[in-house]
Amino acid sequence: MCASQCDEGRPACGNCTRRGEECDFSPARPARTSAAAAAAAAVTGTSQQGSGSSQTSTPAASGEGRTTTITSPPSTTAAALPPEDGDPGLTSLTVVDLELLHHYCISTCHTFSADPAVRNYFLVSVPQLGSSYPYVLHTVLALAAVHQAHFRPEARRYYYAYARARHTAATSMAAPRLPGISAAEAVPMYCFSIMTMFIAFGSLRDEDQHGPHADGDLIPSWLALFRGVRTVLESNDRAIYSSSISFLFASKDINRTWATKQSDIEALVEFHAYIRGGASQEDEHTQRLLDDAFQDLRRALYLFYGEDNAEDAKVRSLFTWMYKVQDGFLALLKARHPKALCVLAFFCVILHRLEYNWWFQGWGTHLIERLYGALDDGHRLWIRWPIQ
């Protein structure tokens, strides 16, 4: 059968007119509407300006198994990032946010715990809370961006900037609630505060922030931020421990060993004796703060150097020590009290032992280097064991 030839009629050829089809030779189709163009720009990162156009790369979030390649780091211009001072609610979400939420669900939430119940809570319940409490959703997105920054160094600065923008929006909503947390908001505020901790731990390599330490001093930001976690836990007469998420705090290993066991490694025993020594020049209150902090640290270290314990129990021991540290001890750290700095140097051993968790990676070495530089020659000798 011979194919009928096109008569190239205008505005459509005769064959296409008879068949009711759109003719390939018809005049150019109208340009897409501005809404369609905006949607395409959101996906491709292309913005139309007059007769020219400029492109900014918007990275796609991905799990470790995907092979998406970025040949150069994405632009970190304001157009590519969520506004820090704009609408903090759900209406400001972008395509990148949807990708980050997907990454959180398939990857990030599974790194929090080996306990299936805990993992499933962060997978299912926390995103659901985000639909009612936007500061939870913004924190989820910030944490997913930090996770991406860790595994995608070629786009690290972009993801860290994105995380800061989202977490700034979350903090603007959550911080005013912290002084008087209602019973209804105890659970979402806990989710915000604990994920803020993970963000602080995971932001060690963020070159564009002021630094991973509070007020530029030796205190890591996460140690100061844990005061907020403790505020949430102790609000409403500690009602959260009997709430729907009470299972998150159940730890038989910690409860069983904390009050009765402690590590008796020689270096720990010797430094503890130095703190308690009769020749100590500290007043009784200062000596008590140092003694309590180091005593609890020996209990935490027992879970690493004593009997064999589950990995989750070891992580809980770190957070338990941070929970029990008194504000007075943090004041000693801020004042660079040499014995307090030594106690924190011993804590670096726990950080180093937990570096198989992505958010802890690099902290043990980073922190002990700073502490070593702040100590005099005499006190440097006391932290030989943590260094080794």
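Residues numbered from 1 in each chain as written. Predicted model: local features only at pLDDT ≥ 70, side-chain atom pairs only at ≥ 80, totals over all residues. Heavy atoms only, no water.

1. Some thoughts on the overall build of the protein
So, step 1. Secondary structure assignment for the protein yields 17 helices and two strands.
So, step 2. At a minimum sequence separation of 6, the contacts of the protein that also span at least 24 residues come to 73%.
So, step 3. As displayed, the protein offers around 19,100 Å² of accessible surface, 52% of which is attributable to carbon and sulfur atoms. (Helix = DSSP H or I, 4+ residues; strand = E, 2+ residues; numbered from the N terminus. Contact = heavy atoms within 4.5 Å. Areas by Shrake-Rupley, 256 points an atom, 1.4 Å probe, with all protein chains shown as cover.)

2. A few points about the pattern of salt bridges
So, step 1. Counting across every chain of the model gives 14 salt bridges.
So, step 2. Two residues, Asp-264 and Arg-298, come together in a salt bridge whose shortest N-O distance is 2.7 Å. Taken as a pair, Asp-264 in the loop between helix 9 (252-258) and helix 10 (266-276) and Arg-298 in helix 11 (residues 284-305) lie far apart in primary sequence, 34 residues in all.
So, step 3. According to the relative accessible area criterion, Arg-298 is buried, its value standing at 5%. (Salt bridge = Lys/Arg side-chain N within 4 Å of Asp/Glu carboxyl O. Buried < 20%, exposed > 50% of the residue type's maximum accessible area, 1.4 Å probe, protein only.)

3. Considerations on the confidence of the model for the protein
So, step 1. For the protein, the mean per-residue pLDDT works out to 80, and 73% of the residues sit at or above 70.
So, step 2. Segment residues 26-79 is flagged for pLDDT under 50; beyond a separation of four residues in sequence, or across chains, it makes 65 contacts in the model. (pLDDT = per-residue confidence, 0-100.)

4. Structural notes on helix 11
So, step 1. In this model helix 11 runs 30 Å from its N-terminal to its C-terminal C-alpha over 22 residues, within 8% of the 32 Å that 1.5 Å per residue would give.
So, step 2. Residue Asp-283 occupies the N-cap position of helix 11, its side-chain oxygen lying 3.0 Å from the main-chain nitrogen of His-285. (Expected span 1.5 Å × (residues − 1). Polar contact = N/O pair within 3.5 Å; in protein donor to acceptor, adjacent residues only side chain to side chain.)

5. Considerations on the packing of aromatic side chains
So, step 1. One pass over the full model with this rule turns up 32 aromatic pairs.
So, step 2. Centroid distance Phe-201 to Phe-319: 6.4 Å. Interplanar angle 75 degrees. Geometry classified as edge-to-face. Placement of the pair is Phe-201 in helix 7 (residues 186-202) and Phe-319 in helix 12 (residues 311-324), with a sequence separation of 118 residues.
So, step 3. A residue is classified by how much of its surface remains accessible, and Phe-201, at 1% relative accessible area, is buried. (Phe/Tyr/Trp six-rings, centres within 6.5 Å; stacked < 30°, edge-to-face > 60°.)

6. A closer look at the nonpolar core
So, step 1. Phe-201, Trp-222, Trp-321 and Met-322 are the most contacted members of the largest nonpolar core, which totals 105 residues.
So, step 2. Looking at this core element by element, the count peaks at 13 residues for helix 7. (Core = buried A, V, L, I, M, F, W, Y, C linked by side-chain atoms within 4.5 Å.)

7. A word on unusual backbone geometry
So, step 1. One non-glycine residue, Asn-236, adopts positive backbone phi at about 55 degrees.
So, step 2. Mapped onto the elements, Asn-236 comes out in the loop between helix 8 (221-234) and helix 9.
So, step 3. Its relative accessible area of 34% is what places Asn-236 among the partly exposed residues.
So, step 4. For Asp-237, which is not glycine, the phi torsion reads 55 degrees and is therefore positive.
So, step 5. Inspection of the secondary structure assignment puts Asp-237 in the loop between helix 8 and helix 9.

8. Some thoughts on the packing of helix 5 (residues 134-151) against helix 7
So, step 1. The interhelical angle for the contact between helix 5 and helix 7, taken along N-to-C directions, is 20 degrees, at an axis separation of 9 Å. When the axis of helix 5 is compared with that of helix 7, the two are roughly parallel. Handedness of the helix 5/helix 7 crossing: left-handed. For the pair formed by helix 5 and helix 7, the contact residues are Tyr-135, Val-136, Thr-139, Val-140, Ala-142, Leu-143 and Val-146 on the first element and Pro-188, Met-189, Phe-192, Met-195, Thr-196, Phe-198, Ile-199 and Gly-202 on the second.
So, step 2. Residues that form the contact of helix 5 with helix 7 fall into these classes: 12 nonpolar, three polar and no charged. (Axes fitted to C-alpha atoms, helices over the stretch in contact; angles between N-to-C directions. Parallel < 35°, antiparallel > 145°, perpendicular 65-115°, else oblique. Left-handed = near helix turned anticlockwise from the far one by under 90°. Nonpolar A, V, L, I, M, F, W, Y, C, P; charged D, E, K, R; others polar.)

9. Overview of the environment of Pro-220
So, step 1. With respect to the helices and strands, the residue Pro-220 is situated in the loop between helix 7 and helix 8.
So, step 2. The class for Pro-220 is buried, based on a relative accessible area of 0%.
So, step 3. Considering only alpha carbons, one finds Pro-220 and Ala-200, 20 residues apart in sequence, at a separation of 8.8 Å.

10. Let's talk about the state of the cysteines
So, step 1. Within the structure shown, the criterion is met by zero disulfides.
So, step 2. In this model Cys-105 remains outside any disulfide bridge; the closest cysteine sulfur is found in Cys-109, 6.0 Å from its own.
So, step 3. A relative accessible area of 0% places Cys-109 in the buried class. (Disulfide = S-S within 2.5 Å.)

11. As for the side chain of His-167
So, step 1. If you trace the backbone, His-167 turns up in helix 6 (residues 156-174).
So, step 2. Not counting chain neighbours up to four residues away, the residues in contact with His-167 comprise Thr-139, Ala-142, Phe-192, Thr-196 and Ile-199.

12. Section: the packing of helix 13 (residues 327-334) against helix 14 (residues 338-353)
So, step 1. The interhelical angle for the contact between helix 13 and helix 14, taken along N-to-C directions, is 105 degrees, at an axis separation of 8 Å. Classified by the angle between their axes, helix 13 and helix 14 sit roughly perpendicular to one another. Each of Phe-329, Leu-332 and Leu-333 in helix 13 lies in contact with helix 14, whose residues at this interface are Ala-340, Leu-341, Val-343 and Leu-344.
So, step 2. Here the residues of the contact of helix 13 with helix 14 are counted per class, giving seven nonpolar, no polar and no charged.

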